[in-house]
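Letter by letter, the chains look like this.
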Number of protein chains: 2
Amino acid sequence: MKFEIKRDRLLDGLSDVMKAVSSKTAIPILTGVKMDVSAEGVSLTGSDSDITIQTFIPAEEDGKQILQVSEGGSIVLQARVFSEIIRKLPTNEVEIEINGNFQTHIRSGKSEFHLIGLDPLDYPHLPDVQEDELFTIPADLLKTIIRETVFAVSSSETRPVLTGVHWAVKDGELVCVATDSHRLARRKTKLESVQDEEHNAVVPGRSLNELNKILDDSADPVEVVMTSQQVLFRSKNILFFSRLLEGNYPDTSRLIPSEYKTQVTVNGRALLQAIDRASLLAREERNNVVRFSANGSDEVEVSSNSPEVGKVEEQLLAEAIEGEELKISFSAKFMMDALKAIDGQDVVIQFTGAMRPFILRSALDDSILQLILPVRTY
Amino acid sequence: MKFEIKRDRLLDGLSDVMKAVSSKTAIPILTGVKMDVSAEGVSLTGSDSDITIQTFIPAEEDGKQILQVSEGGSIVLQARVFSEIIRKLPTNEVEIEINGNFQTHIRSGKSEFHLIGLDPLDYPHLPDVQEDELFTIPADLLKTIIRETVFAVSSSETRPVLTGVHWAVKDGELVCVATDSHRLARRKTKLESVQDEEHNAVVPGRSLNELNKILDDSADPVEVVMTSQQVLFRSKNILFFSRLLEGNYPDTSRLIPSEYKTQVTVNGRALLQAIDRASLLAREERNNVVRFSANGSDEVEVSSNSPEVGKVEEQLLAEAIEGEELKISFSAKFMMDALKAIDGQDVVIQFTGAMRPFILRSALDDSILQLILPVRTY
């Protein structure tokens, strides 16, 4: 195997697949990155056996020659050392040559590295995902859906299925739900092109976070393929495979209250900042709980109290307040996460009492719903 | 005590004094910041008993009103919480009021904080430094001197005096020396205005690092005052006190070789990058050692070898090579630190053999000298 490649483009590809490579792995070869070179281009693969990322660097891109292949072949190289070397090479022209026994030579300018490679035949195969795509979605919309839901997954392994986001496809709609049993995020999305099938899957939160980092903020289409054990996200030059979580995801629809006793409409960004300030003192205590009250005026009050440090109170003018007076306490963190997901728009908050879950929606957009369980303090 | 102040300016002042405040302190009141308010302005003090920083915010600055004092007074507030609160206030107008029992009210917009303050009489006094200044030096030159020496102090407490930089003033010259007994950095500076006295002090490396962060990159004068136990750096609105280290600093002058057998002149930045690349593999081993050889040609070679990972070799065109052929090994980290201190200029490296300390100087500037002990590998 022997080829020349532009350092910058190789580095971009490596930085994508490195997101799947873990230094802590029970399978030593997975600390490496697999490189397959043919006349068409270079394919790079990284995996931690849960997530597998493959990226393809074409020989020519936008009319520019990216690489020149003298001889094709495959090799596995230590991912961290290899990408550090490529990053620090003195010129943008890199020559990589493998000779017998997986000896790898990397040359650039007057610098020459010899790396000891590993046998590519020992590298695991890609997951077997042969199905047609279930639906296609623009990359930026997919990123938004991830951002609006993934923060609410559970970080505890007590119920492993809650560490993932439940994706359900039915009647041309994708419904994504995440919950850690103290709060819930739900996002509905109409799909443009979808097969007429029902599908259910629980995608690990970590996989979605990594996918979010790799995808561009563009409207480029991403094809989503699902099998019973794997999901594959396929964009122009990237294949992103993730294992799915096993187990039954709880039915969350009955948790969401259908009526309310108090409804507050308020600017989301102003409320976020007020909660952030109130949480400065709440954080000194363990629970990080702030209080919220709507008592008949056109303002709501956000407050918190830490006996050792002090207290804070803030009034916030609401757009509208309907229904009963209310005092309620909740986790400042959960509230801030939910408000960030709704992202600066006016929010409608519907309460059914101080000890009942309450929901937040965007005033403009019905597709996103956030639910939070209150904390007993009053 | 009651006054109004611009949030931005208060935050700047707090961020300076916070550099002296540690959350881990045996003296609880030192987790606080002291605020003294008079008609002239607000003085803020933070300390960890080794370093004390006082900054003054004048009532008026550049013709702009910064604060309005209704009633003067003093208070100590929890530094971390106080500065976080100020950072997150909703408007740039802050009102601070203390009433009986150190109850502190902070108001901005519709936000009101109540903090429980501490008695300012319990806060330690500033170190007693009444002497006249020893010399005055521009802030940017002082920062350069710190940057060129402080990295070479010892990080081990085995010989505490080596964790500081030795400052000696004699014959109108300041000589700063730092060594961890494996390498040494020396910087000489002619002083413009200096008292006709000899002075010796060992300034803790940590103090110099914090001072470096606080000083502006300007030619504003900094007055340096020394007593037997303290050094005070005094700039326009900042007093920076540091405890000095006790104990005799070793005589380092006899360590510096006065002759050489091989002299190499090379571009500092190119050598730094070559060493950085070679150290990529060296780092995989424990010692991070790279090899350097000058073998009669007009090039030097930098190389390193890690049996598990691979090896690297690189040729570098030298400006000049004089004297005997040479093979030597040294710590890549020490070499990179030294080259960064010399900062991109051509460097002259003088060797007296593979097992003897060697020195680096700037080809343009005689004021800075770096010395490194080699490592035995050949």
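Each value, and the rule that gives it
- Residues numbered from 1 in each chain as written.
- Chains lettered and ligands numbered in written order.
- Predicted model: local features only at pLDDT ≥ 70, side-chain atom pairs only at ≥ 80, totals over all residues.
- Heavy atoms only, no water.
- Patch = residues over 30% accessible without salt bridge, like charges linked within 9 Å, V, L, I, M, F, W, Y side chains within 5 Å.
- Areas by Shrake-Rupley, 256 points an atom, 1.4 Å probe, with all protein chains shown as cover.
- Salt bridge = Lys/Arg side-chain N within 4 Å of Asp/Glu carboxyl O.
- Lys, Arg positive; Asp, Glu negative; His and termini not counted.
- Charge placed at Lys NZ, Arg CZ, Asp CG, Glu CD.
- Helix = DSSP H or I, 4+ residues; strand = E, 2+ residues; numbered from the N terminus.
- Buried < 20%, exposed > 50% of the residue type's maximum accessible area, 1.4 Å probe, protein only.
- Pairing = 2+ DSSP bridges.
- Contact = heavy atoms within 4.5 Å.
- Axes fitted to C-alpha atoms, helices over the stretch in contact; angles between N-to-C directions.
- Domains from an automatic or database assignment.
- Buried area = accessible area lost by both parts, 1.4 Å probe.
- UniProt positions renumbered as here; feature names shortened; annotations may be inferred.
- Least-squares fit on C-alpha atoms with pLDDT ≥ 70 in both.
- Parallel < 35°, antiparallel > 145°, perpendicular 65-115°, else oblique.
- Left-handed = near helix turned anticlockwise from the far one by under 90°.
- Nonpolar A, V, L, I, M, F, W, Y, C, P; charged D, E, K, R; others polar.
- Phe/Tyr/Trp six-rings, centres within 6.5 Å; stacked < 30°, edge-to-face > 60°.

1. So, a negative patch on the surface
All names here are of chain A.
At step 1: Side chains of Asp-171, Asp-196, Glu-197 and Glu-198 sit close together on the surface and give a patch of like negative charge.
At step 2: Mapped onto the elements, Asp-171 comes out in the loop between β13 (164-170) and β14 (173-179).
At step 3: Relative accessible area serves as the criterion here: at 68%, Asp-171 is assigned to the exposed category.

2. Structural notes on the sheet that holds strand β2 (residues 32-38) of chain A
All names here are of chain A.
At step 1: The sheet built from nine strands is open, its strands ordered β8-β2-β3-β4-β20-β19-β18-β12-β16 with antiparallel pairing. At either margin of the open sheet sits one strand with a lone partner, and together these are β8 (73-78) and β16 (193-194).
At step 2: Helix α1 (residues 7-17) contacts β2, β3 (41-47), β4 (51-58) and β20 (238-243) of the sheet and is inclined by roughly 165 degrees relative to β4.
At step 3: Sitting on the sheet, helix α2 (residues 79-88) is in contact with β2 and β8, with an inclination near 95 degrees to β8.

3. Examining unusual backbone geometry
Residue and element names in this part refer to chain B.
At step 1: You will see that Asp-62, though not glycine, has its phi angle at about 50 degrees, which is positive.
At step 2: Within the fold, Asp-62 resides in the loop between β5 (60-61) and β6 (64-65).
At step 3: Phi is positive for Asp-171, close to 50 degrees, though the residue is something other than glycine.

4. Details of the side chain of B:Asp337
Residue and element names in this part refer to chain B.
At step 1: Within the fold, Asp-337 resides in helix α6 (residues 332-342).
At step 2: A residue is classified by how much of its surface remains accessible, and Asp-337, at 15% relative accessible area, is buried.
At step 3: Excluding residues that lie within four positions of it along the chain, Asp-337 makes contacts with Phe-151 and Arg-183.

5. Some details on the domain arrangement of chain A
All names here are of chain A.
At step 1: Along its sequence, chain A is organised into domain 1 (2-122), domain 2 (135-253) and domain 3 (256-372).
At step 2: Relative to domain 2, the C-alpha centre of domain 1 lies at a distance of 30 Å.
At step 3: In this assembly, 13 residues from domain 1 lie in contact with twelve residues from domain 2.
At step 4: For the pair domain 1 and domain 2, the summed buried surface comes to about 1200 Å²; carbon and sulfur atoms form 48% of the total.
At step 5: When residues of domain 1 are sorted by the area they lose upon contact with domain 2, Lys-19, Asp-50 and Ile-51 head the list and together hold 43% of the total.
At step 6: Applying the counting rule to domain 1 against domain 2 returns two salt bridges.
At step 7: The shortest N-O distance in the salt bridge between Asp-48 and Arg-206 comes to 2.3 Å.

6. Brief notes about the UniProt feature "domain: DNA polymerase III beta sliding clamp N-terminal" (unreviewed entry) in chain A
At step 1: Summarizing the sequence annotation, UniProt attributes the feature "domain: DNA polymerase III beta sliding clamp N-terminal" (unreviewed entry) to residues 1-127 of chain A in the numbering used throughout.
At step 2: Taken end to end, residues 1-127 of chain A comprises 17% helix and 48% strand; its first and last C-alpha atoms sit 26 Å apart.

7. Focus on the UniProt feature "domain: DNA polymerase III beta sliding clamp central" (unreviewed entry) in chain A
At step 1: With numbering aligned to this structure, UniProt lists the feature "domain: DNA polymerase III beta sliding clamp central" (unreviewed entry) at residues 136-251 of chain A.
At step 2: Structurally, residues 136-251 of chain A is divided into 18% helix and 43% strand, and its ends, taken at the C-alpha atoms, are 26 Å apart.

8. A look at the relation of the copies chain A and chain B
At step 1: Of the transformation placing chain A onto chain B, the axial shift is 0.0 Å and the rotation is 180 degrees, giving an RMSD of 0.0 Å. Such a combination of rotation and displacement between the chain copies is what one expects of a two-fold axis.
At step 2: Comparing contact sets, 100% of the residues at the interface of chain A also lie at the interface in chain B, consistent with an isologous, same-surface contact.

9. Focus on the packing of helix α3 (residues 139-149) of chain A against helix α4 (residues 205-214) of chain A
Residues and elements named next belong to chain A.
At step 1: Axis separation between α3 and α4 bottoms out at 10 Å; the angle between their running directions is 140 degrees. What the angle tells us is that α3 and α4 run oblique. As α3 runs across α4, the sense of the crossing is left-handed. Facing α3, whose interface residues are Leu-142, Lys-143 and Ile-146, α4 presents Leu-208, Leu-211 and Asn-212.
At step 2: The class makeup of the residues in the contact of α3 with α4 is four nonpolar, one polar and one charged.

10. Some words on the packing of aromatic side chains
Residue and element names in this part refer to chain A.
At step 1: For the coordinates displayed, the defined rule picks out twelve aromatic pairs over all chains.
At step 2: Judged by centre distance (5.9 Å) and plane angle (75 degrees), the ring pair of Trp-167 and Phe-233 falls under edge-to-face. Here Trp-167, found in strand β13, pairs with Phe-233, found in strand β19 (residues 230-234); they are 66 residues apart in sequence, far enough to count as distant.
At step 3: For Trp-167, a relative accessible area of 1% corresponds to the buried category.
At step 4: Using a relative accessible area of 2% as the deciding quantity, one classes Phe-233 as buried.
At step 5: An angle of 45 degrees between the planes, with centres 6.1 Å apart, marks the rings of Phe-292 and Phe-330 as tilted. One end of the pair, Phe-292, is in strand β22 (residues 289-294); the other, Phe-330, is in strand β26 (residues 326-331), with 38 residues separating them in the sequence. Neither residue differs from the other here; Phe-292 and Phe-330 are each classed as buried.
At step 6: An aromatic cluster is defined as three or more aromatic residues linked by ring pairs; in this entry it consists of Phe-292, Phe-330, Phe-351 and Phe-358.

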